Amino acid sequence: MTFKLLAVSAALVGLAVTGAVIPGFCDEATPAAPIQVAAASQQTAPDFAGINNWFNSKPLSMADLRGKVVLVDFWTYGCVNCVNTLPHVTELYAKYRDKGLVVVGVHTPEFPFERSASNVQAALKRHGITYPVAQDNDSRTWNAYSNQYWPAQYIIDQTGKIVFQHAGEGRYDEIDRTVAKLLNASS
């Protein structure tokens, strides 16, 4: 092994051990504020496209979900930042599912091993995920949303409009308040 290759390998191991993020891989975007779309310019949420498998649910469409508040959560089980958000997403689902919230996890793989349906199923069990999860191996739903980051959350109102968008970890209280406000529930 050359010295340069050894140095690069050591740097990658160091990033993996410390949990640092390499831009372009499992990014955690930290914009100054979440994107909140004004009522006059709200974008209609794209439908789920090119889904290879559905877990914990029959296939869903945005038309099926009209009248519900929907949290679309882009993630992949090999992304540390994504895994860090899962307890918050599952807690939000448990808190509001009986009040009209539907969470749809969109598992879009970053690496080839994340394409395995059995690996995704094992990750759902490991993390206690009971909400619907769509396996987006060809990134068609990812592309429909013009998504760029793992993890990323999109909140869709009862009319099918995206009203809140956030990439990365955090902003859990804002997400909770946004869902509660849309559901007219106290958080």
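Reading guide: rules and limits
- Residues numbered from 1 in each chain as written.
- Predicted model: local features only at pLDDT ≥ 70, side-chain atom pairs only at ≥ 80, totals over all residues.
- Heavy atoms only, no water.
- Helix = DSSP H or I, 4+ residues; strand = E, 2+ residues; numbered from the N terminus.
- Buried < 20%, exposed > 50% of the residue type's maximum accessible area, 1.4 Å probe, protein only.
- Contact = heavy atoms within 4.5 Å.
- Areas by Shrake-Rupley, 256 points an atom, 1.4 Å probe, with all protein chains shown as cover.
- Core = buried A, V, L, I, M, F, W, Y, C linked by side-chain atoms within 4.5 Å.
- Pairing = 2+ DSSP bridges.
- Right-handed = clockwise from strand over helix to strand, strands pointing away.
- Disulfide = S-S within 2.5 Å.

### Let's talk about the overall build of the protein chain
Across its full length, the protein chain holds 5 helices and 7 strands. The order of α-helices and β-strands along the protein chain, N terminus first, is α-β-β-β-α-β-α-β-α-β-β-α. Per-residue burial for the protein chain yields a buried fraction of 44% across its 187 residues. Contacts in the protein chain between residues far apart in sequence, at least 24 positions, make up 74% of those at least 6 positions apart. On the protein chain, roughly 9,500 Å² of surface is accessible, and the fraction owed to carbon and sulfur atoms is 55%.

### Details of the nonpolar core
Within the largest apolar cluster, 48 residues are counted, with the highest numbers of intra-cluster contacts made by F48, M62, V72, L101, V104 and Y145. If near-sequence neighbours (up to four positions away) are discounted, L101 is found in contact with V69, V70, L71, L92, Y93, Y96, V179 and L183.

### As for the pairing of strand β3 (residues 69-75)
Among the 7 residues of β3, 7 are classified as buried, and the element is accordingly described as predominantly covered. Residues V69, L71, D73 and W75 line one face of β3 and the alternating positions V70, V72 and F74 line the opposite face, and both faces are buried. The pairing of β3 with strand β4 (residues 101-107) spans 7 bridges and is classified as parallel. Residue pairing in the sheet places L71 in a bridge with V103 of β4. With helix α2 (residues 80-96) bridging β3 and the parallel β4, this β-α-β connection has right-handed handedness.

### A few points about the state of the cysteines
Tallied over the full model, the rule gives 0 disulfides. Free cysteine: C82, not disulfide-bonded; nearest cysteine sulfur from C79 at 3.0 Å.

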